[in-house]
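Geometric and topological summary
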Amino acid sequence: MKNHDIFLSKWKSNHEKGFFLYLVKYILPISMLLGFSCIFFSYINGTIYTNDFYNLIKYNIFFIIFFTLLILLSWFKSEKRYKKILDDNDNNI
């Protein structure tokens, strides 16, 4: 029962804020890091505004979309667990 209490205390704030802010919290820093590193290293190598640069941007976008889908999966799993625990607690009362 203690694991459920720990999970509820951690997840309640995420549940109240919503999944959009949950996504922004994880996606924004990694997308900024990927964007900055892509431009920085392309500028250093002299490949900026070439086909290699645009391919790198394309791969970064695919990575961000994949990472977003993984975070959404995590959100929905945690939300399902949260609602199940709350339903079980309501049924035990």
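Residues numbered from 1 in each chain as written. Predicted model: local features only at pLDDT ≥ 70, side-chain atom pairs only at ≥ 80, totals over all residues. Heavy atoms only, no water.

Examining the packing of aromatic side chains
Applied cut-off: Working definition: a ring pair exists when centres of Phe, Tyr or Trp rings (six-membered ring for Trp) sit within 6.5 Å. Plane angles under 30 degrees give stacked, over 60 give edge-to-face, the rest tilted. To qualify as a helix, a DSSP run of H or I must reach at least 4 residues; to qualify as a strand, a run of E must reach at least 2; elements of each kind are numbered from the N terminus. Only protein chains enter the accessibility calculation, which uses a 1.4 Å probe; a residue whose area is less than 20% of its type maximum is buried, one above 50% is exposed, and one in between is partly exposed. Charge-over-ring placement is defined geometrically: NZ (Lys) or CZ (Arg) within 6 Å of the ring centre, and within 35 degrees of the ring normal.
According to the stated counting rule, one finds eleven aromatic pairs in the structure shown. Aromatic side chains Tyr22 and Tyr26 sit 5.2 Å apart centroid to centroid with 70° between the ring planes, which places their arrangement in the edge-to-face category. With Tyr22 and Tyr26 both in helix 2 (residues 19–45), this residue pair falls four residues apart, about one helical turn. When its relative accessible area of 10% is taken as the criterion, Tyr22 is described as buried. Three or more aromatic residues joined by ring pairs form one cluster here, namely Phe7, Trp11, Phe19, Tyr22, Tyr26 and Trp75. Taking the ring centre of Phe7 as reference, the NZ or CZ of Arg81 above it sits at 4.1 Å.

Brief notes about helix 3 (residues 51–92)
Counted only if it meets this: The span you would expect from a helix comes to 1.5 Å times its residue count less one. Working rule for contacts: check all heavy atoms of both residues, and any pair within 4.5 Å makes them a contact.
With 42 residues, helix 3 extends 62 Å between its outermost C-alpha atoms, agreeing within 8% with the 62 Å of an ideal straight helix rising 1.5 Å per residue. Buried within helix 3 are the following residues: Phe53, Asn60, Thr68, Ile71, Leu72, Trp75, Ser78, Glu79, Tyr82 and Ile85. For helix 3, the secondary structure elements touched by its buried residues are helix 1 (2–17) and helix 2.

Brief notes about the nonpolar core
To be explicit about the condition: Throughout this description, the term nonpolar core refers to a set of buried Ala, Val, Leu, Ile, Met, Phe, Trp, Tyr and Cys residues connected via side-chain atoms within 4.5 Å.
Within the largest apolar cluster, eleven residues are counted, these being Phe7, Leu8, Trp11, Tyr22, Leu23, Ile27, Ile71, Leu72, Trp75, Tyr82 and Ile85. Listing elements by their share of this core, those giving two or more residues are helix 1, helix 2 and helix 3. With five residues, the single largest contributor to this core is helix 3. Sequence-distant contacts of Leu72, that is, excluding residues within four places in its chain, are made with Phe19 and Leu23.

Re unusual backbone geometry
Despite not being glycine, Tyr49 shows a phi value in the positive range, around 65°. Mapped onto the elements, Tyr49 comes out in the loop between helix 2 and helix 3. Classification of Tyr49 as exposed rests on a relative accessible area of 62%.

Let's talk about the packing of helix 2 against helix 3
Formally: Throughout, an axis means a line fitted to C-alpha atoms (over the contacting stretch in the case of helices), and angles, computed between N-to-C directions, take values from 0 to 180 degrees. Here is the rule for angles: anything less than 35 degrees is roughly parallel, anything more than 145 is roughly antiparallel, 65 through 115 is roughly perpendicular, and the remaining ranges are oblique. We call a crossing left-handed when the near helix sits turned anticlockwise from the far one by less than a right angle, and right-handed when that turn is clockwise.
Two elements in contact, helix 2 and helix 3, have axes whose closest approach is 10 Å; the angle formed by their N-to-C orientations is 160°. Taken together, the axes of helix 2 and helix 3 lie roughly antiparallel to each other. In the crossing of helix 2 with helix 3, the sense of the turn from one axis to the other is right-handed. Here Phe19, Tyr22, Leu23, Tyr26, Ile27, Ile30, Ser31, Leu34, Cys38, Ile39 and Ser42 of helix 2 come into contact with helix 3, specifically with Phe53, Leu56, Ile57, Asn60, Phe63, Ile64, Phe67, Thr68, Ile71, Leu72, Ser74 and Trp75.

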